[in-house]
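Here are the chains, one letter per residue:
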Amino acid sequence: QLHLVESGGGLVQAGGSLRLSCAASGSTFGIVSSCWYRHAPGKERELVALISSGGTTNFADSVKGRFTISRDNAENTVDLHMNSLKPEDTAVYYCNAVQVRRSHPAPAIYWGQGTQVTVSS
């Protein structure tokens, strides 16, 4: 079992920065990807950023050049660094991890509880 806890959300003015952190605890072996999603009211959940176990990253077009994602394997954390924030970045941000398991052919998918990011204009 894997447990994910996000932190770092809050209120920030447009143009500002925030860093979200996702801390994983439990059995962290076999995590093949870690992602940040966001869900804004009235919109579909959106994949914001992904980092694979090999370090490959990918970003939504809407955040490219503004957001970065990093992983600290020693601390079992995945951070989302958000710069040049815009009001349209306002959403609840969720941490996600995909973990392969020896005991099951399908990977396990875990979610954090979410953290609110509000960007004021």
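Data block above holds the structure.
Just so you know, these numbers come straight off a predicted model, no measurement behind them.

Definitions and limits used
One numbering rule holds for all chains: residues counted from 1, following each sequence as written. Since the coordinates come from a predicted model, pLDDT governs what is reported: local features require at least 70, and pairs of side-chain atoms require 80 or more to be given and counted, while whole-chain, interface and lining totals use all residues. Computation of side-chain values: all heavy atoms of the structure, hydrogens and water removed. Here, a disulfide means two cysteine sulfur atoms that sit within 2.5 Å of each other. The way it works is that DSSP assigns letters per residue, a run of H or I at least four long becomes a helix, a run of E at least two long becomes a strand, and they are numbered from the N terminus. Residues grouped as a nonpolar core are buried Ala, Val, Leu, Ile, Met, Phe, Trp, Tyr and Cys residues, joined through side-chain atoms within 4.5 Å. For every residue, the accessible area obtained with a 1.4 Å probe (protein chains only) is divided by the maximum for its type, and the residue is called buried under 20%, exposed over 50%, and partly exposed between those limits. In this description, contact between two residues means that some pair of their heavy atoms is separated by no more than 4.5 Å. Definitions used for this entry: grid spacing 1 Å over protein atoms alone; cavity, a set of points where a 1.4 Å probe fits but cannot get out; pocket, an open set with protein on both sides within 12 Å along at least 5 of 7 lines; lining residue, one with an atom within 4 Å of a point. Grid points are joined across faces, edges and corners, and a volume is the space filled by probe spheres set on the points. When DSSP locates at least two bridges between a pair of strands, those strands are taken to pair. An axis is simply a line fitted to the C-alpha atoms; with a helix, the fit covers only the stretch in contact. Between two such axes, the angle follows the N-to-C directions and lies from 0 to 180 degrees. Here a polar contact is taken to be a pair of N or O atoms separated by no more than 3.5 Å, where protein atoms must pair a possible hydrogen donor with a possible acceptor and residues adjacent in sequence count only if both atoms sit in side chains.

A. Layout of the state of the cysteines. Scanning the entire structure with this criterion turns up 1 disulfide. Linked covalently through their sulfurs, Cys22 and Cys95 form a disulfide whose S-S length is 1.9 Å. Between Cys22 and Cys95 the disulfide shows an S-S torsion of about -80°. By sign, it is left-handed. In this pair, Cys22 is assigned in strand β3 (residues 18-26) and Cys95 in strand β9 (residues 91-101), connecting sequence segments 73 residues apart.

B. Main features of the nonpolar core. Among the nonpolar cores identified, the biggest contains 29 residues, and Leu4, Trp36, Phe67, Ile69, Leu80, Met82 and Tyr93 are the most heavily contacted of them. Going through the elements one at a time, β1 (2-7), β3, β5 (46-52), β7 (67-72), β8 (77-82), β9, β10 (104-111) and β11 (115-120) are the ones with two or more residues in this core. Sequence-distant contacts of Ile69, that is, excluding residues within four places in its chain, are made with Ser34, Trp36, Ala49, Leu50, Ile51, Thr57, Phe59, Val78, Asp79 and Leu80.

C. Quick peek at the layout of surface pockets. Estimates place the volume of the largest pocket at around 220 Å³. Along the wall of the largest pocket there are 20 residues; nearest its centre are Ile31, Ser34, Arg71, Asn73 and Asn76. Going through the elements one at a time, β3, β4 (31-39), β5, β7, β8 and β9 are the ones with two or more residues in the lining of the largest pocket. The element best represented in the lining of the largest pocket is β4, accounting for 4 residues.

D. Highlighting the sheet that holds β7. The strand order across the open sheet formed by 4 strands is β1-β3-β8-β7, and the pairing between neighbours is antiparallel. Edge strands, defined here as strands with exactly one partner in the open sheet, are β1 and β7. Pairwise comparison of adjacent strand axes, ignoring direction, gives a mean angle of 15° for this sheet. Summarising the sheet, β1 and β3 pair through 6 bridges and their orientation is antiparallel. Directly across from Ser7, in β3, lies its bridge partner Ser21.

E. Inspection of the environment of Tyr93 at higher detail. Along the polypeptide, Tyr93 turns up in strand β9. Separated by 22 residues in sequence, Tyr93 and Thr115 place their C-alpha atoms 5.3 Å apart. Among residues more than four places away in sequence, those in contact with Tyr93 are Glu6, Leu20, Trp36, Tyr37, Arg38, Val48, Phe67, Leu80, Met82, Gly114, Thr115 and Val117. There is a polar contact of 2.9 Å between the side chain of Tyr93 and the side chain of Arg38. There is a polar contact of 2.6 Å between the side chain of Tyr93 and the backbone oxygen of Asp89.

F. Layout of the environment of Ala40. For Ala40, the position within the fold is in the loop between β4 and β5. Using a relative accessible area of 13% as the deciding quantity, one classes Ala40 as buried. The spatial distance from the C-alpha of Ala40 to the C-alpha of Gly8 is 17 Å, given a sequence separation of 32 residues. The residues contacting Ala40, other than those within four sequence positions of it, are Thr90 and Ala91.

Don't take any of this as a statement about function, it's just geometry.
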